[in-house]
Structures are given as C-alpha cells and as structure tokens.
Amino acid sequence: MFLQVKDINKSYRKYGKIEKQQVLKDVNFTIKEGECVGLVGESGSGKSTLSRLILGLEKPDSGRILIEDLNVKKWIKENQGKMSVVFQDYTSSANPNFTVKEIILEPLKVLGKKENLDKITEDLLDKVGLTIDLLDRYPHELSGGQLQRVCIARSISTKPKFIVLDEAISSLDVSIQAQILELLKDLKDELNITYLFIAHDLQVVTYLCDRIIFLYRGEVVENIHSLNLAYVKNSYAKRLLNSVIPFSI
Ligand SMILES: Nc1ncnc2c1ncn2[C@@H]1O[C@H](COP(=O)(O)OP(=O)(O)OP(=O)(O)O)[C@@H](O)[C@H]1O
C-alpha cells in the first residue's frame, strides 16, 4: 500500500476558549500506488486539515500516517522532492518576484540540481501545454489558467511519486478547469503519479478519480470506487451525488 491513514484524530482549541473542537475523528483509508483518490466534503469538514497532516506539516493527536510503510515525516526526509502539493490559491503560491522559469525550477534548485535546467524547463512547459515565450514573464503577466499550469509544472519538476491537489482547480473558469483536468489525467497516465485530489466539486472528482472518499464533519462516511457511485449508502453522500448527477439513486 502506498499511503495508509490509520485511526487519525485531530482537534484544535476553539479561538479564545479552553475547550477543543474535534476536526477529524477516527479517519482511516489507504491509497494504492498510481491510484487517484478524491476527497470530498462540505466546507469545514476537515479536508485541508487532513491534507496538512498527510503533507507532514502538522501532527495528529492520535493515529498514524504511513507512506510506503514509513512515518510520513521520515518518508519525506528520505524521499526529497517525491511529494508535491498544488494549492487552490495559485496567485499566492507563486512568488510574484519570480519569473515563470524561476518558479518552475525552484524545487530543483532546493535539491541542488544545476545541470540541463534550460532543457528541463522547456520540457516541463511543454508537458503542461505552455509555450517557451512565457519563460521570462512574471505571475501578474499570466492568466489564472496559465499560472496554475506553471504551478503544476513546478509540482512535477522533481518527478514526484505523490501529489496532493488541494482544491487545485476550484478557482478557475469551468473551461480552464476542463483543460487542467485533462492535463492532470495525462500526467497521471504518463508518470504513474499517485494523487490525492481534494475538492468540494463532486463532478470534477468523479471525472478524474478512481475512488472517492466522502468526509462529513470530520468522519469518513463513504469510501467507494467511482464506478460504484450509484450504490452509496450514506445519506450525506447520496445528497451530494443527487445534487450533481442527473440520475436518481
Ligand atoms: N489551525 C486551526 N486552528 C483552529 N481551528 C482550525 C484550524 N484549522 C482548521 N480549523 C477548523 O477545523 C475545521 C475544519 O477546517 P478545514 O480547513 O480542515 O476544512 P475544509 O473541509 O478544508 O474546509 P474548506 O472546504 O472550507 O477549505 C474548521 O471548523 C476550522 O475552523
């Protein structure tokens, strides 16, 4: 198994109060290598908290997160550059003072890579469907869709095994969303990347993902293969599905 999320609990102290709010409750799921898993849930259900734990940015109160049988922090340390993340807010995740070329090469420079950087940048731009005339532009000189493609190029620059996409296409126009989805699908097939795709838009998730996990108030209420969506049992998941898919279940 590639990723194992085991009995995760996480709570935060309520602002200005002593008592805590439990944000994740006994969360369990696994992701196989090369699989694309969608995590859906309404606002506040704990999706971003879970992604921060998986990225090793925060610790759970209890439970374990393992990647290839190693504790997530240890795995990240031993596999530098092999986990990437693409956030929703591409405008703030790209340094406004960096050119496209500098943004794309940032993770490789951190890893100390110095050779063939021009060729690597050009290949990455080509992979995400952008042309090399954009290389010297700054973020404010790009459209939202172009800048998110640059962020995706950056996320695959280190040849990651695993990418967490946290609402990565949510703030783009629908037509650009479709293009980026196609791009993510092609990259997944070409590079055998494992994806955790976090989104509140179920339609987008069903298009891209092999399996879908429904999170409701911090609990996994359904974990189901995309082809079996018509058989969901949980009432929240059913409601969400009925609101986007034109068949009744
Ligand atoms: N650092 C923190 N300190 C205190 N409370 C937090 C913190 N981070 C998240 N929370 C709370 O945890 C709950 C879950 O938040 P989280 O951001 O994980 O949800 P989400 O499903 O990603 O929501 P959205 O779709 O709106 O981004 C919310 O009630 C939020 O206020």
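Quick note: structure is the one above.
Attention in this report is confined to the structure presented alongside it. Just so we're clear, the structure is a prediction, and the values are computed from it rather than from any experiment. (Residues numbered from 1 in each chain as written. Predicted model: local features only at pLDDT ≥ 70, side-chain atom pairs only at ≥ 80, totals over all residues.)

1. Considerations on the sheet that holds strand β4 (residues 62–67)
- Strands sit in the order β2-β1-β4-β5 across an open sheet of four strands; the sheet is antiparallel. Lying at the two open borders of the sheet, with one neighbouring strand each, are β2 (20–31) and β5 (70–71).
- Relative to β2, strand β1 (residues 3–13) is paired through eight bridges, and the arrangement is antiparallel. Directly across from Arg13, in β2, lies its bridge partner Lys20.
- Contacts from helix α1 (residues 47–54) reach β1, β2 and β4, with the element oriented near 60 degrees to β2. (Pairing = 2+ DSSP bridges. Helix = DSSP H or I, 4+ residues; strand = E, 2+ residues; numbered from the N terminus. Contact = placed C-beta atoms within 7 Å. Axes fitted to C-alpha atoms, helices over the stretch in contact; angles between N-to-C directions.)

2. Some thoughts on the nonpolar core
- Counting 65 residues, the largest nonpolar core has Val37, Leu196, Phe197 and Val205 as the members making the most contacts within it.
- Among the elements that make up this core, the one with the highest residue count is helix α6 (residues 144–156) (six residues).
- If we ignore the near neighbours within four places in the chain, the residues touching Val37 are Ile31, Tyr195, Leu196, Phe197, Cys209, Asp210, Arg211 and Ile213. (Core = buried A, V, L, I, M, F, W, Y, C linked by C-beta atoms within 7 Å. Buried ≥ 20, exposed ≤ 12 C-beta atoms within 10 Å, placed from the backbone.)

3. Description of the environment of Asp136
- Locating Asp136 in the fold gives a position in the loop between α5 (117–127) and α6.
- Exposure remark for Asp136: the 11 C-beta atoms within 10 Å place this residue in the exposed category.
- Along the sequence, Asp136 and Glu102 sit 34 residues apart, while their C-alpha atoms lie 8.6 Å from each other.

4. Considerations on unusual backbone geometry
- For Glu68, which is not glycine, the phi dihedral falls at a positive 45 degrees.
- Along the chain, the position of Glu68 falls in the loop between β4 and β5.
- Residues other than glycine seldom take positive phi values, yet Asn192 does so here, at roughly 50 degrees.
- For Asn192, the position within the fold is in the loop between α7 (174–191) and β8 (194–199).

5. A look at the pairing of strand β3 (residues 36–40)
- The buried fraction of β3 is high, at five of five residues.
- Because side chains alternate across β3, one face comprises the buried residues Cys36, Gly38 and Val40, and the other comprises Val37 and Leu39, equally buried.
- Bridge analysis of β3 against β8 gives five bridges, and the strand direction is parallel. Within β8, the residue paired with Gly38 across the bridge is Phe197.
- One ladder, built from four bridges, connects β3 with strand β9 (residues 211–216); its direction is parallel. If you follow Leu39 over to β9, its bridge partner there is Ile213.

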